[in-house]
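Letter by letter, the chains look like this.
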Amino acid sequence: MPVLLCAIVLAILASPALAAAAPLSIKVAGNHFVNGEGQTIRLLGVDRTSSEYGCVDGFGYDDGHFDDADAAAIASWNANAVRVPLNEDCWLGINGQPNSDQGASPLLTAAGYRQEIESYVADLNAHGIYAILDLHWTAPAGQVALEQQPMPDFDHSPAFWTSVATAFKGDPGVVFDAFNEPYDPTDPRSGDDANPNDTISWNCWESGTSNGPSGGSPCFTSAYDEDGNATTRYRVAGMQTLVDAIRATGATQPVMVGGLNFANDLSQWADHAPDDPLDQEAASFHNYMGQACDNAGCWNSEVAPIAANVPVVTGEFAEDDFENATCADRARNSFDEEYMDWADQHGVSYLAWAWIVPTAEEIASEGCSAFYLIDDYGYTPASPNGTALRSHLLSLPVGGVALAPAPATPTPPSGAGGGGGPKRQPSISLTAFHARVERGGAAVAFELRSSANCQGVLSGLTEKRFATRKSGSRRRKRVPLGSASFKLLAGKQKTIVLVLPAPARSLLKAKGSLPARFTLSLTGPSGHAVGHRTATLTEP
């Protein structure tokens with residue numbers, strides 16, 4: 001930071017919240033971002049959820065705290081970036097949105113929604129914070145945007161970006177995130193769609209056509225309602241279409257593009273990344289425990305090679321809330337710190353999900369997936385995710401200025417959890433795992449066998465996210481499948497019965513089958529290990 005000319009000014013700018021000395025701006029230079037002073041920076045901060053759902057739930061444009069005090073609190077954590085999720089319908093004023101069904105007063109309007117977002121972006125910028133505008137919830141044709149769809153829709157998404165980019169093209173402190181979490185609903189990691197015509201290939205992801213840039217037939221897939229039921233097939237808009245829409249407005253800011261499997265898969269990103277004529281493109285990566293790429297082996301093999309060529313922004317990450325009383329696996333983990341350490345070493349940006357104050361009911365219902373950073377609107381850091389993030393950010397240079405490259409460290413073996421610290425070397429493991437739904441659909445029987453005497457906890461979540469309505473908000477989450485404790489003798493197979501909670505039983509009955517992810521926490525005389533298994537539950 002350049003020497004300031006006045007001691008009074010120095011005193012005013014002493015806090016991280018107001019440390020930017022040059023007008024806020026950001027651009028891509030090679031594989032990193034630079035600020036208005038030409039310094040290499042990373043985007044480090046939080047996801048500011050609620051603007052994607054408040055306007056369609058009808059209680060407000062957001063949670064009511066998109067203001068200067070909120071921006072100042074975020075800046076006080078030494079954050080320099082906030083990702084703002086947007087709703088396609090509310091911004092464009094289509095399909096009867098925004099609505100005021102829950103008594104919002106004055107009545108919500110599209111013009112008011114836009115003004116709310118523009119004012120909050122100005123507040124963020126005033127505190128030295130870059131705003132990442134994210135197309136989060138969409139829906140084709142006349143369907144209301146109430147949840148995450150597999151891909152942007154050709155009906156509205158290009159028009160959304162034409163409008164948003166036009167509104168913000170004069171703000172050099174803004175970054176665009178083309179689409180929240182693309183996914184292929186026929187991929188067992190992401191969905192349970194058995195129709196091969198709904199497949200989203202990397203070609204479809206790139207161009208919206210079956211042969212990628214070479215053209216071919218347009219790609220179509222299924223849209224889903226808030227309960228995860230397929231509604232209608234729609235033509236998708238590829239990432240290239242969205243980048244083109246942004247650039248056609250004259251906007252020059254960086255554009256983030258997320259990979260498949262809810263932005264957790266970057267395996268073919270380099271081969272299919274859309275062409276940006278301005279070379280202002282970054283890869284977006286989302287990282288949660290239990291996803292395919294949640295470990296240092298994958299980060300090194302998939303994420304690091306991308307980061308060597310373009311900036312990588314972790315648009316969302318969080319560790320399981322092991323402190324939550326309803327989390328089945330209460331074993332302490334250090335996923336947040338391990339990932340932030342790894343990202344620091346590799347020049348990768350990261351923003352944690354989510355800056356929001358959930359209700360006690362929401363926290364209880366979401367179990368291990370209760371991802372929140374603050375306990376109240378006095379902005380008390382919430383443990384574990386909020387305290388981990390705040391402590392780590394405050395240990396870094398002000399303004400996201402990049403750290404000097406760290407010495408190379410040995411690559412952990414694939415499957416080792418995280419980087420930047422001692423790796424767990426479990427000496428106990430499962431040697432058999434089979435699941436079947438018992439008659440009546442009320443429970444799941446597991447056949448387990450381990451390599452050593454141990455005791456453990458088995459818990460499950462649906463692979464796919466489903467929307468729930470809690471205290472006036474609608475959020476998509478993986479549905480808990482319950483938990484069960486057990487003891488195993490080395491080499492002896494044992495049947496463990498997991499009783500499904502009522503919501504999971506109802507969902508299984510309605511769907512017929514549910515791809516599921518199970519977490520097994522094993523403890524024996526020689527140590528502790530946590531592993532994941534997948535299985536499809538089918539109603540008998």
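Residues numbered from 1 in each chain as written. Predicted model: local features only at pLDDT ≥ 70, side-chain atom pairs only at ≥ 80, totals over all residues. Heavy atoms only, no water.

With that settled, consider the packing of aromatic side chains. Counted according to the given criterion, the structure contains 22 aromatic pairs. Look at Trp299 and Trp342: their rings are 5.8 Å apart centre to centre, the planes differ by 55 degrees, and that puts the pair in the tilted class. One end of the pair, Trp299, is in helix α11 (residues 296-307); the other, Trp342, is in helix α12 (residues 335-346), and 43 residues separate them in sequence. Assessed through its relative accessible area of 2%, Trp342 is described here as buried. Measuring from centroid to centroid gives 5.8 Å for Phe317 and Tyr350, while their planes differ by 85 degrees, and the two rings are edge-to-face. With a gap of 33 residues between them, Phe317 in strand β12 (residues 312-318) and Tyr350 in strand β13 (residues 349-353) connect regions that are remote in the sequence. The two residues Phe317 and Tyr350 agree in class, both being buried. Positioned over the ring face of Phe154 is Arg235, at 3.9 Å from the centre of the ring. (Phe/Tyr/Trp six-rings, centres within 6.5 Å; stacked < 30°, edge-to-face > 60°. Helix = DSSP H or I, 4+ residues; strand = E, 2+ residues; numbered from the N terminus. Buried < 20%, exposed > 50% of the residue type's maximum accessible area, 1.4 Å probe, protein only. Lys NZ or Arg CZ within 6 Å of the ring centre and 35° of its normal.)

Overall, parallel pairing links the eight strands, which are arranged β4-β5-β6-β7-β10-β11-β12-β13 in a closed barrel. Pairs of neighbouring strands in the sheet enclose a mean axial angle of 30 degrees, with direction left out of account. Along the sheet face, α12 touches β11 (281-288), β12 and β13 and points at about 175 degrees away from the line of β12. (Pairing = 2+ DSSP bridges. Axes fitted to C-alpha atoms, helices over the stretch in contact; angles between N-to-C directions. Contact = heavy atoms within 4.5 Å.)

The biggest cluster of nonpolar side chains holds 102 residues, and the ones touching the most others in it are Ile117, Leu133 and Phe176. For this core, the element with the most residues is α11, which contributes seven residues. Beyond its immediate stretch of four places on either side in the chain, Ile117 contacts Ser51, Phe66, Val84, Leu86, Trp91, Leu133 and Phe168. Core analysis: the next-biggest nonpolar cluster, separate from the first, contains 25 residues, Val479, Leu481, Leu508 and Leu537 among them. (Core = buried A, V, L, I, M, F, W, Y, C linked by side-chain atoms within 4.5 Å.)

Below, the discussion takes up the sheet that holds strand β3 (residues 40-41). Reading across from one edge, β1-β2-β3 is the order of the three strands in this open sheet, with antiparallel pairing throughout. Edge strands, defined here as strands with exactly one partner in the open sheet, are β1 (26-29) and β3. Two elements, strand β2 (residues 32-35) and β3, share two bridges in a ladder whose sense is antiparallel. Across the sheet, the residue bridging to Phe33 is Ile41, located in β3.

On to the side chain of Asn80, then. One can find Asn80 in the loop between α3 (68-75) and β5 (81-87). Only 2.7 Å separates the side chain of Asn80 from the backbone nitrogen of Leu44, close enough to count as a polar contact. Dropping the residues within four chain positions of it, Asn80 is found in contact with Arg42, Leu43, Leu44, Gly128, Ile129, Tyr130, Gly399 and Gly400. (Polar contact = N/O pair within 3.5 Å; in protein donor to acceptor, adjacent residues only side chain to side chain.)

Looking now at the packing of α12 against helix α14 (residues 385-394). Packing of α12 against α14 brings their axes to within 10 Å, and their N-to-C directions diverge by 30 degrees. Considered as vectors, α12 and α14 are oriented roughly parallel to each other. Judged by the sense of rotation from one axis to the other, the crossing of α12 with α14 is right-handed. Every residue of α14 that contacts α12 at Asp336, Glu337, Met340, Asp341 and Asp344 is listed here: Asn385, Ala388, Leu389 and His392. Among the residues forming the contact of α12 with α14, the class breakdown is three nonpolar, two polar and four charged. (Parallel < 35°, antiparallel > 145°, perpendicular 65-115°, else oblique. Left-handed = near helix turned anticlockwise from the far one by under 90°. Nonpolar A, V, L, I, M, F, W, Y, C, P; charged D, E, K, R; others polar.)

Moving on to the side chain of Asn324. Note on placement: Asn324 falls in the loop between β12 and α12. With relative accessibility at 7%, the residue Asn324 sits in the buried group. If we skip the residues at most four places from it in the chain, Asn324 touches Arg330, Ile363, Gly367 and Ala370.

In this section: the state of the cysteines. In total, this model carries four disulfides according to the counting rule given. Along the protein, the cysteines that take part in disulfide bonds pair up as 1-2, 3-4, 5-6, 7-8, counted in sequence order. (Disulfide = S-S within 2.5 Å.)

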